[in-house]
Amino acid sequence: GQNIDQPTEMTATEGAIVQINCTYQTSGFNGLFWYQQHAGEAPTFLSYNVLDGLEEKGRFSSFLSRSKGYSYLLLKELQMKDSASYLCAVTASGGSYIPTFGRGTSLIVHP
Amino acid sequence: GAVVSQHPSWVICKSGTSVKIECRSLDFQATTMFWYRQFPKQSLMLMATSNEGSKATYEQGVEKDKFLINHASLTLSTLTVTSAHPEDSSFYICSASQGAGYTEAFFGQGTRLTVV
């Protein structure tokens, strides 16, 4: 099975930088996703990491360390619209590409 | 990215009735579709995985006779909640994938089901 852990809630100030951590234990590893989900809406894809290192995409970056079972999502130049839930999801090896989701981190950005 | 359309966005139904939710991939062929349920402030819980033309695979604890899934074509999957009860009230989300080997699955807009 898979176990995914991320903080429940974080707050940050507009214009600042925030890092959302995700740790996981899985029998086999096939990739890690980050999704953004606004209240009452479906998740939208942010990033996918399968190799160690940092993937940068505009204001958002995602980091993966497979040996540590650890990832983080870095959000720069925070905007009010970044207030949302951020979901970490892991896919296991063994032929299944179905992601297992963490509980999500609710990020509140205030002025 | 690819577009997945889910309908309806919200529905209110009486206890004991059935509700059908549709999930369509608009610009790609979805070999595999996933159905999730999400309770407030909870994670997405996978209910079932369906492959076109075959029976759905349900996760442990999900009643297949209550949550009927049909994936008759490469662009359409439906979830029917039969004899709905208030405890079935939830946010239901589908996602579609082109199949094994494709890393990304695309989500529909979700359906807010309220059973009264």
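Refer to the preceding data block for the structure.
This section reports on the structure supplied with the text.

### What about the interface of chain B and chain A?
Part 1: Across the contact, 20 residues belong to chain B and 16 residues belong to chain A.
Part 2: Contact between chain B and chain A buries roughly 1400 Å² in total, counting both sides, with carbon and sulfur atoms accounting for 62%.
Part 3: The tally of links from chain B across to chain A stands at zero salt bridges.
Part 4: Here chain B and chain A share four residue pairs in polar contact (both at pLDDT 80 or more) between them.
Part 5: At the level of elements, β4 (32–38), β5 (45–51) and β9 (90–97) of chain B are the ones that each hand at least two residues to the side of chain B that touches chain A.
Part 6: Per-element accounting of the side of chain B that touches chain A gives the leading share, three residues, to β4 of chain B.
Part 7: Its residues placed into classes, the side of chain B that touches chain A shows nine nonpolar, nine polar and two charged.

### Some points on the packing of aromatic side chains
The description of an aromatic ring pair uses the distance of the two centres, along with the angle that the planes make with each other.
Part 1: For the structure shown, the criterion picks out 15 aromatic pairs over all chains.
Part 2: Where phenylalanine 33 of chain A meets tyrosine 48 of chain A, the ring centres are 4.7 Å apart and the plane angle is 40°; that geometry is what we call tilted. Pair noted here: phenylalanine 33 of chain A is in strand β4 (residues 31–37) and tyrosine 48 of chain A is in strand β5 (residues 44–49), with a separation of 15 residues, a long-range link.
Part 3: When its relative accessible area of 2% is taken as the criterion, phenylalanine 33 of chain A is described as buried.
Part 4: Among the aromatic residues, ring-to-ring pairing joins Phe33, Tyr35, Phe45, Tyr48 and Phe101 of chain A together with Tyr36 and Phe107 of chain B into one connected group.
Part 5: Above the plane of the ring of phenylalanine 67 of chain B lies lysine 66 of chain B, whose end atom (NZ or CZ) is 6.0 Å from the centre.

### Things to note about unusual backbone geometry
Part 1: Looking along the chain, the bond that leaves histidine 7 of chain B and enters proline 8 of chain B is cis, with omega of 0°.
Part 2: Residue position: proline 8 of chain B is located in the loop between β1 (4–7) and β2 (10–13).
Part 3: A positive phi is found at glutamate 77 of chain A, a non-glycine position, where the angle reads about 45°.
Part 4: The exposure class of glutamate 77 of chain A is exposed, given its relative accessible area of 54%.
Part 5: Although it is not a glycine, serine 83 of chain B adopts a positive phi angle of roughly 45°.

Procedures and definitions
Residues numbered from 1 in each chain as written. Chains lettered and ligands numbered in written order. Predicted model: local features only at pLDDT ≥ 70, side-chain atom pairs only at ≥ 80, totals over all residues. Heavy atoms only, no water. Contact = heavy atoms within 4.5 Å. Buried area = accessible area lost by both parts, 1.4 Å probe. Salt bridge = Lys/Arg side-chain N within 4 Å of Asp/Glu carboxyl O. Polar contact = N/O pair within 3.5 Å; in protein donor to acceptor, adjacent residues only side chain to side chain. Helix = DSSP H or I, 4+ residues; strand = E, 2+ residues; numbered from the N terminus. Nonpolar A, V, L, I, M, F, W, Y, C, P; charged D, E, K, R; others polar. Phe/Tyr/Trp six-rings, centres within 6.5 Å; stacked < 30°, edge-to-face > 60°. Buried < 20%, exposed > 50% of the residue type's maximum accessible area, 1.4 Å probe, protein only. Lys NZ or Arg CZ within 6 Å of the ring centre and 35° of its normal.

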